[in-house]
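# Structural overview
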Amino acid sequence: MIDDMPEDIIAPQQPTENTEEAPASPSPTQDTPPRASLLRWLAGGLRASLLLEPRVDARPAPWQLLLLVLLPELVWTGLARLEIAGPARLYETVGLNTLWVLGVLAWLGWFALSGRARGGGLARWFVLATWAMFPANLALGVLALGYTRGWLPSAIATSPGYWVVFGLGCAWMVLALVRFTAREAGARWRLAIFAPAFVALLTLTFWQSLNTQDRMWQPDASTASTEPERPRMQLTQELFEEQQALWERTVAALPAGKPGQTNVYGLVFAPYASEDVFLRESNMVTQLLEERFDAKSRVIHLMNHATTAETLPWATPLNLQRAIAALAERMDRENDVLIVYLTSHGARDHQLAAAH
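An account of the accompanying structure is given in this report. (Residues numbered from 1 in each chain as written. Predicted model: local features only at pLDDT ≥ 70, side-chain atom pairs only at ≥ 80, totals over all residues. Heavy atoms only, no water.)

### What to know about the overall build of the chain
Short version of the rule: Each helix is a run of DSSP H or I of at least 4 residues and each strand a run of E of at least 2, with the numbering of both proceeding from the N terminus. With a 1.4 Å probe rolled over the protein chains alone, any residue whose accessible area is under 20% of its type maximum counts as buried; one over 50% counts as exposed, and the rest are partly exposed. Residues count as neighbours in contact if any of their non-hydrogen atoms are within 4.5 Å of one another.
In terms of regular secondary structure, the chain is built from twelve helices and five strands. Across the 356 residues that make up the chain, the buried fraction comes to 36%. Considering only residue pairs separated by 6 or more positions, the chain has 76% of its internal contacts joining residues 24 or more positions apart.

What follows is the structure, encoded as structure tokens:
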């Protein structure tokens, strides 16, 4: 009998299920580069300055990029302020004259990274490159400050010593940046172009800083009346007569060389009176010649400075010629040695700058 039952009774229809597909779950978003703290960025950049792997594979947040790049600029601004004793005024627009360097440096980094940028891309490179150069840049800033204020030890207070230390600082900066960029560069030929281009950029930057007449910080003229003035030389008839007598006494005191031995004579010439650093430097060299090279009374010190107008002959072109002639008369030209030391700023025409 069961066989005679209708088929729909024997196998009742199951309720139909909803055959619509469930909505697809949202596709996972692409992984975004991780972030790093400010301390990690600073530590990574300083590691790069020591030629080590930065160990920071992240992308800086926009505010981190801005802060980490501008913070060194604030340090340079502070060091420039310390170069001026007493009240000073900040001329912000002058600082904008060097910001083009950041743009060119970013372009060089983009060029070097093309084809092989890490997750952090150009922003990562720029932050780490800034702090890889920071220690050497800071050392150069402190060196310039010490030279301007007369704080440097005698070994590097003279021009040769100063420029040796300055060159070592620049070499450190170039080596640190090139070593770091070599780890990131897309191709070796790109690094081969990046390195000399950065050296050229560095040279142009220093040339601009040496030749510009404007400074970010300048003495505040509004408070000049309340500050003690620098000593000023009063040109009088008596002073001119005293200078003539002083010159004659200086030449008359020159001893002849001791027969049978090599005698050292010296001529120290410092014609720039507007900065005390040349007074200190020329005094140091004179003392060095007299004590270490047994040249007591055989050194002619020509100096332009308000405080020495009555004790040292002026550093004029005519006195320089006269001094050479006077020394030539006293010296044994076959055996004696003449050391000529000239110290001043360089003028735009590559000659010694003079000011009184």
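### Here's the deal with the pattern of salt bridges
Here is the rule: Within this document, salt bridges are pairs made up of a side-chain nitrogen of Lys or Arg and a carboxyl oxygen of Asp or Glu, the two lying within 4 Å of each other.
Considering all chains together, one arrives at six salt bridges under this definition. We note a salt bridge from Glu242 to Arg249, for which the minimum N-O separation is 3.0 Å. Classification of Arg249 by relative accessible area gives partly exposed; the value is 45%. One salt bridge connects Glu329 with Arg330, and the closest N-O pair in it is separated by 3.9 Å. For Glu329, a relative accessible area of 64% translates into the label exposed.

### Quick word on the side chain of Arg190
Stated precisely, the cut-off is as follows: Counting rule for charge: Lys and Arg are taken as positive, Asp and Glu as negative, and neither His nor the chain ends is counted.
Inspection of the secondary structure assignment puts Arg190 in helix α9 (residues 188–211). In this structure Arg190 is buried but unpaired, with Glu184 as the nearest side chain of opposite charge at 13 Å.

### Re the layout of surface pockets
Heads up, the condition is: Cavity and pocket criteria rest on a 1 Å grid covering protein atoms alone: a 1.4 Å probe that fits but cannot get out defines a cavity, protein on both sides within 12 Å along at least 5 of 7 lines defines an open pocket, and an atom within 4 Å of a point defines a lining residue. Grid points are joined across faces, edges and corners, and a volume is the space filled by probe spheres set on the points. Gly counts as polar in this scheme, as do all residues outside two lists: the nonpolar Ala, Val, Leu, Ile, Met, Phe, Trp, Tyr, Cys and Pro, and the charged Asp, Glu, Lys and Arg.
Here the second largest pocket defines a volume of roughly 210 Å³. What lines the second largest pocket is simply Ser154, Ala155, Thr158, Pro160, Met284, Val285, Leu288, Leu289, Arg292, Phe293, Ile339 and Tyr341. Counting only elements with at least two residues in the lining of the second largest pocket, the list comes to α7 (154–157), α11 (276–292) and β5 (337–342). If one sorts the elements of the lining of the second largest pocket by residue count, α11 sits on top with five residues. Of the residues contributing to the lining of the second largest pocket, the split by class is nine nonpolar, two polar and one charged.

### Things to note about the environment of Asn137
Mapped onto the secondary structure, Asn137 falls in helix α6 (residues 121–149). Note: C-alpha distance between Asn137 and Trp76 (61 residues apart in sequence) is 8.8 Å. When residues no more than four places from it in sequence are discounted, the contact partners of Asn137 are Trp76 and Met173.

### Remarks on helix α12 (residues 317–330)
Note the cut-off: To estimate how far a helix should reach, multiply one less than its number of residues by 1.5 Å. The arc refers to the directions leading from the helix axis to the C-beta atoms.
Taking 1.5 Å per residue as the helical rise, α12 with its 14 residues ought to reach 20 Å, and the 21 Å between its terminal C-alpha atoms agrees with that figure. All of the buried residues in α12 are Asn319, Leu320, Ala323, Ala326 and Leu327. The buried residues of α12 occupy one face: seen down the axis, they fall within an arc of 130°. More than 90 degrees from the buried face of α12, the exposed residues found are Pro317, Gln321 and Glu329. Those residues of α12 that are buried are in contact with α10 (237–252), β3 (264–270), β4 (299–303) and β5.

### A word on the packing of aromatic side chains
Our working rule: Centre distance within 6.5 Å is the pairing criterion for rings of Phe, Tyr and Trp, where only the six-membered ring of Trp is used; planes under 30 degrees apart are then read as stacked, over 60 as edge-to-face, and the remainder as tilted.
A complete count under the given rule lists 15 aromatic pairs for this structure. Judged by centre distance (4.6 Å) and plane angle (40°), the ring pair of Trp131 and Phe134 falls under tilted. Taken together, the residues span about one helical turn, with Trp131 and Phe134 both in helix α6 at a distance of three residues. Phe134 shares its class with Trp131; the two are buried.

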